[in-house]
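A look at the structure
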Amino acid sequence: MPVMISATLGTALLLEGRTLRQVRTNLETQLIPSVLAGLAFWPPANCFVYKFIAPPLRPAISSGFGGIWGIYLSARANEPGHYE
């Protein structure tokens, strides 16, 4: 999970025109909280999907949770005050 979160945050920042130094600074401050948030988000989301959702609908519902997670990571990447 840390590798994918780093890739997502880093790519978003680079596409915004941030420098590698700014990306590194952001990852130093955002990675641990984002991983902890992922550990709090994904297990309940998956438990919900596999407990209450019929198998044919699981991919669609899981994708919805993935969209919510993507919005969260985008918000983390764009928080002010994490750049030099």
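Predicted model, so just to flag it, every value in this text is computed and none were measured. (Residues numbered from 1 in each chain as written. Predicted model: local features only at pLDDT ≥ 70, side-chain atom pairs only at ≥ 80, totals over all residues. Heavy atoms only, no water.)

Turning next to the overall build of the protein chain. Scanning the protein chain from terminus to terminus reveals three helices and zero strands. Tracing the protein chain from N to C terminus, the helices and strands come up as α-α-α. Dimensions along the principal axes, computed over C-alpha positions, put the protein chain at roughly 50 × 20 × 20 Å. The buried share of the protein chain, reckoned over its 84 residues, is 26%. Within the protein chain, counting contacts between residues at least 6 apart in sequence, those at least 24 apart form 72% of the total. (Helix = DSSP H or I, 4+ residues; strand = E, 2+ residues; numbered from the N terminus. Buried < 20%, exposed > 50% of the residue type's maximum accessible area, 1.4 Å probe, protein only. Contact = heavy atoms within 4.5 Å.)

Before going further, it helps to spend a moment on a nonpolar patch on the surface. Among the surface-exposed residues, Met 1, Ile 32, Leu 36 and Leu 39 lie close enough to one another that they form a single nonpolar patch of about 410 Å² accessible area. By the secondary structure assignment, Leu 39 is in helix H2 (residues 20-52). (Patch = residues over 30% accessible without salt bridge, like charges linked within 9 Å, V, L, I, M, F, W, Y side chains within 5 Å. Areas by Shrake-Rupley, 256 points an atom, 1.4 Å probe, with all protein chains shown as cover. Salt bridge = Lys/Arg side-chain N within 4 Å of Asp/Glu carboxyl O.)

Enumeration according to the criterion identifies seven aromatic pairs in this entry. Plain terms: the ring middles of Trp 42 and Trp 69 are 6.4 Å apart, the flat faces sit at 70 degrees to each other, and that makes the pair edge-to-face. Of this pair, Trp 42 sits in helix H2 while Trp 69 is found in helix H3 (residues 58-77), placing the two residues 27 residues apart along the sequence. Measuring from ring centre to ring centre gives 6.1 Å for Phe 48 and Phe 65, while their planes differ by 75 degrees; the resulting arrangement is edge-to-face. Of the two residues, Phe 48 sits in helix H2 while Phe 65 sits in helix H3, which places them 17 residues apart along the sequence. The class of Phe 65 is buried, set by a relative accessible area of 18%. (Phe/Tyr/Trp six-rings, centres within 6.5 Å; stacked < 30°, edge-to-face > 60°.)

Once that is clear, we can look at the packing of helix H1 (residues 2-15) against H3. Between H1 and H3, the least distance of the axes is 9 Å, while the angle of their chain directions is 55 degrees. By the criterion of interaxial angle, the relationship of H1 to H3 is oblique. In the packing of H1 onto H3, the handedness of the crossing is right-handed. Facing H1, whose interface residues are Ile 5, Thr 8, Leu 9, Ala 12 and Leu 13, H3 presents Trp 69, Leu 73, Arg 76 and Ala 77. Residue classes in the contact of H1 with H3 are distributed as seven nonpolar, one polar and one charged. (Axes fitted to C-alpha atoms, helices over the stretch in contact; angles between N-to-C directions. Parallel < 35°, antiparallel > 145°, perpendicular 65-115°, else oblique. Left-handed = near helix turned anticlockwise from the far one by under 90°. Nonpolar A, V, L, I, M, F, W, Y, C, P; charged D, E, K, R; others polar.)

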